[in-house]
Each structure stands twice: as C-alpha cells, then as structure tokens.
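Report on the structure
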Amino acid sequence: MSERINPDEAARALAEIRRRKEQVTVLSRIPGWFRWAVALLAIALASGLDTGEPLFIGVGVTVFTLGLLTALGVVIGHGWSRAVPRRDLLGPRAALVIVAFIALILLVNLPTTFILQAAGSPIPATVGALAGAVVIIAGGPIVARYLHRLANDGDRR
Amino acid sequence: MIQPKFDELIHAPTRLSIVALLAAAEDAEFRFIRDSVGLSDSALSKQLTTLEEAGYVEIRKTFVGKRSRTSARLTTVGRAAFDQHIAALQQIVAKAGRTVHPESTTHENTH
C-alpha cells in the first residue's frame with residue numbers, strides 16, 4: 001500500500017508530524033515572566049535574611065515559598081491542563097543542563113554573598129541574590145532555547 | 001530497530017495530525033486537540049472513536065471538581081504503530097534519495 005505514497009507526500013507527512021510535535025513541546029516552555037518572578041522572590045528572601053530580624057526573615061521565607069509555589073502552579077496548570085508533554089521528550093541531557101544552570105546560579109550567588117559578608121557589607125545576601133538574578137534573567141532564555149531544541153530534535157521524527 | 005510498516009489508518013491527514021500530537025504527549029485534552037487540528041467536536045469525536053476502535057487511542061473522562069475533562073492518549077499499540085509508520089515514511093523518502101529538513105516542509109535531492 002505504501003508504494004502508492006510518493007516521496008513528496010511522505011516528506012510532507014513527516015513535516016506535519018514535526019509541526020504537531022512542536023505544538024506540544026511549546027507547552028513545556030517556561031514563560032519569560034517566570035524567570036523574573038523567581039529572581040525577584042530570591043531578592044525578597046535575601047533582603048529578609050539581611051535584616052537579621054526574625055519577623056522579616058519569616059516574611060521573606062513565606063513570600064518566597066508561597067510566591068514560588070504559585071508561579072509553578074500557574075506555569076504547570078496553564079500548559080499541562082491542555083496536554084502533558086511526553087516525559088522522555090527531553091532526556092537526560094536536558095536534566096543535566098537544568099542542574100548545571102541551577103549550579104551556576106548558586107556558584108554566582110553564594111560566593112558573592114560570602115565575600116561581601118566577610119568584607120562587612122550590610123546587605124551581602126541581597127547583593128548575592130541580585131547577582132544570581134542577573135544569571136537567571138540573562139541565562140534563562142538561552143537555556144530555554146536549548147531545551148526547546150532538544151525536545152524537537154531529541155528523536156529525529 | 002523499528003520495523004517500517006505503513007499504516008493506512010494513521011496516514012489519513014486528519015488522523016496523522018491527531019496521532020502526531022498525541023505521540024508527543026503523555027495525555028492531551030480534547031479541546032487542545034480540537035483547537036490544534038482545527039476540527040469540530042463531532043469530527044474529532046469520530047476520528048478518536050476510529051482510533052480507539054483500532055486500539056490506538058484511549059479516551060478518558062475525569063472530573064476536576066464539577067467540570068468534566070475529556071482527554072486522549074496513545075496506547076502502547078498506537079505508539080508502536082505510529083513509530084512503524086514514521087519509519088515507513090522515512091524509508092520512502094530515503095529510497096528516493098531525499099533529505100527531509102526537520103524545520104520545514106522543504107526537501108532536496110541529495111544525488
């Protein structure tokens with residue numbers, strides 16, 4: 001039966017398959033506002049820690065936790081209420097990239113905080129969080145683009 | 001190694017689009033499929049029923065609060081048939097000595 005299908009039609013069918021796959025993988029894309037939200041929440045948390053006051057620390061931790069959970073809920077709920085992208089679409093390479101990106105944020109944030117603390121800065125954690133925020137906002141789109149490419153090229157079909 | 005096998009049921013244009021969407025997802029909502037493929041409710045129901053009868057698709061109805069949510073997913077049989085169908089399409093293209101550019105519908109003769 002497949003002999004009736006000419007190569008042009010087969011190529012068009014393969015292109016259609018890729019197009020449909022992209023429609024699903026785009027749902028797993030993290031929106032730009034999420035990066036800003038995480039960065040701002042981290043700064044809010046760090047600002048609370050810098051005061052050294054239990055009340056402000058408590059407020060910072062609460063705002064960070066609730067804010068992060070809400071943002072994650074919105075991102076997951078918005079995309080995944082329509083379709084849940086296949087779990088193996090990204091693969092282990094994507095997990096490594098995400099872990100490496102988180103490690104990079106911490107590698108910028110924590111040493112900055114400790115160095116400033118040792119130097120006697122009054123707001124070491126806030127400045128450290130700001131440095132981490134720059135990495136999140138600047139590097140986030142690059143990581144997102146790479147993950148999207150992995151999802152679409154992961155299995156060549 | 002996937003054995004190429006052309007599947008007439010999947011290859012019908014609308015069903016190919018539906019199955020390709022479902023293949024990239026664990027699970028997809030009825031409305032998402034309908035809007036993505038551009039079908040009416042009844043047309044999509046008909047196509048999904050055809051795929052369900054072939055054992056390629058599983059249709060689920062769940063409740064989120066009082067709202068019902070209808071979703072569809074490819075079965076293991078459906079996923080295997082789709083993989084074989086893709087392999088068959090790739091074989092047809094390869095036999096003609098063509099390369100399919102992944103990001104577009106264009107292709108070129110490599111000979």
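Residues numbered from 1 in each chain as written. Chains lettered and ligands numbered in written order. Predicted model: local features only at pLDDT ≥ 70, side-chain atom pairs only at ≥ 80, totals over all residues.

This part takes up the environment of Thr51 of chain A. Residue and element names in this part refer to chain A. Relative to the helices and strands, Thr51 resides in helix H2 (residues 32-51). The exposure class of Thr51 is partly exposed, given the 16 C-beta atoms found within 10 Å. Taking the C-alpha atoms as reference, Thr51 lies 8.6 Å from Pro122; in sequence the two are 71 residues apart. (Helix = DSSP H or I, 4+ residues; strand = E, 2+ residues; numbered from the N terminus. Buried ≥ 20, exposed ≤ 12 C-beta atoms within 10 Å, placed from the backbone.)

All names here are of chain A. Packing of H2 against helix H5 (residues 124-153) brings their axes to within 8 Å, and their N-to-C directions diverge by 175°. Judged on the interaxial angle alone, H5 and H2 are roughly antiparallel. Note on element contacts: H5 touches H2 through Pro124, Ala125, Thr126, Gly128, Ala129, Leu130, Gly132, Ala133, Ile136, Ile137 and Gly140, opposite Arg35, Trp36, Val38, Ala39, Ala42, Ile43, Ala46, Ser47, Leu49 and Asp50. (Axes fitted to C-alpha atoms, helices over the stretch in contact; angles between N-to-C directions. Parallel < 35°, antiparallel > 145°, perpendicular 65-115°, else oblique. Contact = placed C-beta atoms within 7 Å.)

Attention now moves to the pairing of strand E1 (residues 25-29) of chain B. Pairing analysis gives 3 bridges linking strand E1 (residues 83-85) of chain A to E1 of chain B, with the strands arranged antiparallel. Paired with Ala83 of chain A across the strands is Ala28 of chain B, a residue of E1 of chain B. Pairing geometry for E1 of chain B and strand E3 (residues 67-74) of chain B, over 2 bridges, is antiparallel. Looking at E3 of chain B, one finds that Ala28 of chain B is bridged to Ala72 of chain B. (Pairing = 2+ DSSP bridges.)

So, on to the interface of chain B and chain A. Listed per partner, the contact involves 28 residues of chain B and 29 residues of chain A. Elements with a minimum of two residues in the side of chain B that touches chain A: helix H1 (8-11), helix H2 (13-23), E1, helix H3 (30-37), helix H5 (76-95) and strand E4 (98-100) of chain B. Per-element accounting of the side of chain B that touches chain A gives the leading share, 6 residues, to H5 of chain B. The residue makeup of the side of chain B that touches chain A, split by class, is 16 nonpolar, 7 polar and 5 charged. (Nonpolar A, V, L, I, M, F, W, Y, C, P; charged D, E, K, R; others polar.)

Quick look at the confidence of the model for chain A now. One rule of thumb: low pLDDT means the predicted coordinates there are not for detailed reading. Within chain A, residue pLDDT values average 86, and 92% of them lie at 70 or more. Within chain A, the lowest mean pLDDT, 80, falls on E1 of chain A, and the highest, 92, falls on H2 of chain A. (pLDDT = per-residue confidence, 0-100.)

Moving on, we come to the nonpolar core. One finds Val19, Leu21, Leu22, Ala28, Ile33 and Leu89 of chain B to be the most contacted residues of the largest nonpolar core, which totals 39 residues. Elements represented by at least two residues in this core include exactly helix H1 (7-25) and H5 of chain A together with H2, E1, H3, helix H4 (41-53), E3 and H5 of chain B. Those residues in contact with Val19 of chain B that lie beyond four places of it in its chain are Ile10, Leu51, Tyr56, Leu74, Gly78 and Phe82 of chain B. By size, the runner-up hydrophobic cluster in this structure holds 13 residues, among which are Ala39, Ala42, Ile105 and Ala129 of chain A. (Core = buried A, V, L, I, M, F, W, Y, C linked by C-beta atoms within 7 Å.)

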